[in-house]
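Coordinates in review
This is what each chain is made of:
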Amino acid sequence: VQLQASGGGLVQAGGSLGLSCAASGLSFSGYVMGWFRQAPGKEREFVARISWNSGTTYYTDSVKGRFTISRDNAKNTVTLEMNSLKLEDTARYYCATGKPSFTRRYIHPSSYDFWGQGTQVTVSS
């Protein structure tokens, strides 16, 4: 399984950025997809997740109304559109995928089975 994240970069506060994650080596449409982020010296933090059929999305409170997660099962991709970016959004962003489960909540890293290498997002003032 490979997850390749892209789209990170440097953006001014208040700006927008879109991240993309391409998956291969798995039955993509059957997996939950999530985005996490990790800032230097901090633990990896849940950002957003989306169910296998895009029917359910969930966001951490700090990004609600600003970030949107979506997926295209035909293209095996998941995206994270980020608007109104803040300095505190600066982090390395990781996409992850988790096998279907009735017990996982998919808001903790342990719920996910495969991870991408991450892409850096830096928000400047």
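Note: the structure precedes this text.
Moving on, we get to the overall build of the chain. The number of helices and strands found in the chain is zero helices and eleven strands. What you see for the chain is a C-alpha radius of gyration of 13 Å, in line with the 14 Å of a compact globule of 125 residues. Taken over the C-alpha atoms alone, the chain extends approximately 40 × 25 × 25 Å along its principal axes. The buried share of the chain, reckoned over its 125 residues, is 42%. Contacts spanning at least 24 positions in sequence make up 56% of the contacts within the chain whose residues lie at least 6 apart. For the chain, the accessible area works out to roughly 6,400 Å², and carbon and sulfur atoms hold 48% of it.

Moving on, we get to the nonpolar core. In terms of nonpolar packing, the biggest core is built from 29 residues, with W35, V47, F67, I69, L80, M82 and Y93 touching the most fellow members. If you list the elements that add at least two residues to this core, you get β1 (2-6), β3 (17-24), β4 (32-38), β5 (45-50), β7 (67-72), β8 (77-82), β9 (91-98) and β11 (119-124). For this core, the leading source of residues is β3, giving four residues. Contacts of L80, omitting those with residues within four sequence positions, involve L17, G18, L19, W35, V47, A48, F67, T68, I69 and Y93. Within the second largest apolar cluster, six residues are counted, among which are V32, F46, Y106 and Y112.

So, about the environment of G34. As for its position among the elements, G34 is in strand β4. With 61 residues separating them in the primary sequence, G34 and C95 have C-alpha atoms 5.7 Å apart. Leaving out residues up to four positions away in the same chain, G34 has contacts with A48, R49, Y94, C95, A96 and Y112.

Scanning the entire structure with this criterion turns up five salt bridges. The shortest N-O distance in the salt bridge between R37 and D89 comes to 2.9 Å. Note that R37 is positioned in strand β4 and D89 in the loop between β8 and β9, a separation of 52 residues in sequence. As far as burial versus exposure is concerned, R37 and D89 are alike and both buried. Across the pair D61 and K64 runs a salt bridge whose closest N-O atoms are separated by 3.0 Å. The exposed category is assigned to D61, whose relative accessible area is 60%. Through salt bridges with shared partners, a single ionic network connects R37, E45, R66 and D89.

One non-glycine residue, S84, lies in positive phi territory at about 50 degrees. Relative to the elements of secondary structure, S84 occurs in the loop between β8 and β9. What makes S84 partly exposed here is its relative accessible area of 42%. Phi angles above zero are rare outside glycine, and Y106 is one such case at about 60 degrees. Relative to the helices and strands, Y106 is located in the loop between β9 and β10 (114-115).

Let's shift gears to the packing of aromatic side chains. Enumeration over the complete set of coordinates arrives at six aromatic pairs. Centre to centre, the rings of Y106 and Y112 are 5.7 Å apart; their planes meet at 75 degrees, and the pair counts as edge-to-face. Residue Y106 is classed as buried on the basis of its relative accessible area of 5%. Assessed through its relative accessible area of 5%, Y112 is described here as buried. Members of the aromatic cluster, joined through ring pairs, are F36, F46, Y58, Y106, Y112 and W115. Its guanidinium or amino end placed over the ring of Y94, R44 lies 3.8 Å from that ring's centre, counting from NZ or CZ. In this structure, R44 packs its charged tip against the face of W115, placed 4.8 Å from the ring centre.

About the cut-offs
- Residues numbered from 1 in each chain as written.
- Predicted model: local features only at pLDDT ≥ 70, side-chain atom pairs only at ≥ 80, totals over all residues.
- Heavy atoms only, no water.
- Helix = DSSP H or I, 4+ residues; strand = E, 2+ residues; numbered from the N terminus.
- Rg over C-alpha atoms; globule rule 2.2 N^0.38 Å.
- Buried < 20%, exposed > 50% of the residue type's maximum accessible area, 1.4 Å probe, protein only.
- Contact = heavy atoms within 4.5 Å.
- Areas by Shrake-Rupley, 256 points an atom, 1.4 Å probe, with all protein chains shown as cover.
- Core = buried A, V, L, I, M, F, W, Y, C linked by side-chain atoms within 4.5 Å.
- Salt bridge = Lys/Arg side-chain N within 4 Å of Asp/Glu carboxyl O.
- Phe/Tyr/Trp six-rings, centres within 6.5 Å; stacked < 30°, edge-to-face > 60°.
- Lys NZ or Arg CZ within 6 Å of the ring centre and 35° of its normal.

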